[in-house]
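# Residue-level structure breakdown
Now for the letters of each chain:
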Amino acid sequence: MDIFVSCDLTEEQIARVSALAGDDTLHLQSCFDASGPAAPRFARSEVVFGNVPPAWLTQSTALRWLQLESVGFGEYARLNRRALPDGLVITNLPDFFTEPVAESALAGILALYRGIDRLVTLQHDREWLGDPLRKELRTLAGAHIVMFGYGAINRRLAALIGPFGCQLTRFASDWQSADLDAALPSADIVISVAPETAATTAVFDDRRLGLMKHTALFVNFGRGSVVEEDALVERLRSARLGGAVIDVTLCEPLPRDHGLWACPNTLVTQHTGGGSGDEMDRKIEVFAANLARYRQGKPLAGVADLDRGY
């Protein structure tokens, strides 16, 4: 059996993956042209670990199992199902990033509420502002928070926020447009951790952003497609929104000339929300456990529902 690994690994991690492969043929390739044809070694591999270009899947007849190193798989769900290899199973990492993303979202909110973003800049410039800054600071206690997408991450974030005594309004996959519209005007913070689907694309358009208070924070740790970025930028620049914590954007890396970079009271966390020092080691552990199941003919963990798209 050929196993193709496209993850960026250290020498120690390569040794671990090589040990997992055993007598199977292992192919390692972390750099490739996403717009070009599939790598020959990929095309003859039965098992793949890593987020290879989606188009590659349609160029293989050998592939039987793809283990992604992400939670999201919308780009794979959009492929023509009949063009995929027969019997292909795609597994993702459900709940894998729950703790770091929840902590990052809370950190971003508190940074803006307590002026940490301003203070870091003042320290860099060796400028003492002091008392005038105090009256601009806010506390999280008692805030009304609207959570859009109530999966594992927002559930964990709700638990972290619990001691602050916030009022939480939650919208899961069965959300109703009218209910969301009714909740936004009183929200102090709106947190989106929703997957990319037809139902979530541009949910936060200019009209819905306009329903929010001018002091409200918009926080997005789900998918960039959930918000109309141009409308968000305009409202942040004109102080018609109080601020934003943006981990995910439509285009990544974010172009240097993108308006989000210069928006006031805005933190762009560059899709690092799920990161941790042991991230890749834990991904290898997931792959190892699933590889053992695959070899034994057992059902794999984390099978992605391509029909739902998340």
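First things first, this report covers the structure right here in the doc. Values in this document were obtained by computation on a predicted structure and should not be read as measured data. (Residues numbered from 1 in each chain as written. Predicted model: local features only at pLDDT ≥ 70, side-chain atom pairs only at ≥ 80, totals over all residues. Heavy atoms only, no water.)

## Concerning the pairing of strand β6 (residues 144-148)
Operational definition: Only protein chains enter the accessibility calculation, which uses a 1.4 Å probe; a residue whose area is less than 20% of its type maximum is buried, one above 50% is exposed, and one in between is partly exposed. Secondary structure follows DSSP: runs of H or I at least 4 residues long count as helices, runs of E at least 2 residues long count as strands, and numbering of each begins at the N terminus. Strand pairing requires that DSSP identify at least two bridges connecting the strands. If the strands point away from the viewer and the path from the first strand over the helix to the second runs clockwise, then the crossover is right-handed.
With 5 of 5 residues buried, β6 is to be regarded as a mostly interior element. Side chains His-144, Val-146 and Phe-148 project from β6 onto one buried face, and the interleaved Ile-145 and Met-147 project onto a second face that is buried too. When β6 meets strand β7 (residues 167-171), the two strands line up parallel, connected through 5 bridges. Considered in β7, the bridge of His-144 is made with Gln-167. Handedness of the crossover joining β6 and β7 through helix α7 (residues 152-161) is recorded here as right-handed. Where β6 lies against strand β8 (residues 189-192), 4 bridges are found, and the strand directions are parallel. Considered in β8, the bridge of Met-147 is made with Ile-191.

## As for the side chain of Ser-192
Threshold: We call two residues in contact when some of their heavy atoms are within 4.5 Å.
Here Ser-192 is to be found in strand β8. Apart from the residues within four sequence positions on either side, Ser-192 is in contact with Phe-148, Phe-204, Val-219, Asn-220, Phe-221, Gly-222 and Val-226.

## Considering the nonpolar core
Note the cut-off: What is meant by a nonpolar core is a set of buried Ala, Val, Leu, Ile, Met, Phe, Trp, Tyr and Cys residues, joined one to another through side-chain atoms within 4.5 Å.
In terms of nonpolar packing, the biggest core is built from 29 residues, with Phe-148, Phe-204, Leu-209, Phe-218, Leu-232 and Leu-260 touching the most fellow members. For this core, the secondary-structure elements that each account for two or more residues are β6, α8 (177-183), α10 (229-237) and β10 (243-246). At 4 residues, α10 tops the list of elements feeding residues into this core.

## Some thoughts on helix α11 (residues 279-295)
Worth spelling out the cut-off: Helices are assigned an expected span. That span is 1.5 Å times one less than the residue count. The arc under discussion is defined with respect to the helix axis, by the directions toward the C-beta atoms.
Under the 1.5 Å per step criterion, the end-to-end length of α11 is 25 Å for 17 residues, consistent within 8% with the ideal 24 Å. For α11, the complete set of buried residues consists of Met-280, Lys-283, Ile-284, Phe-287, Asn-290, Leu-291 and Tyr-294. Buried residues of α11, viewed axially, fall in a sector of 130°; they line one side. Against β1 (2-5), α1 (11-21), β3 (47-49), β4 (65-67) and β5 (89-91) lie the buried residues of α11. Where α11 terminates, the next one or two residues include Gly-297, which has phi positive at roughly 75°.

## Topic: the state of the cysteines
Applicable threshold: Disulfide: a pair of cysteine sulfur atoms within 2.5 Å of each other.
Per the counting criterion, the structure on display carries 0 disulfides. We note that Cys-263 lacks a disulfide partner, and the nearest cysteine sulfur, in Cys-251, lies 16 Å from it.

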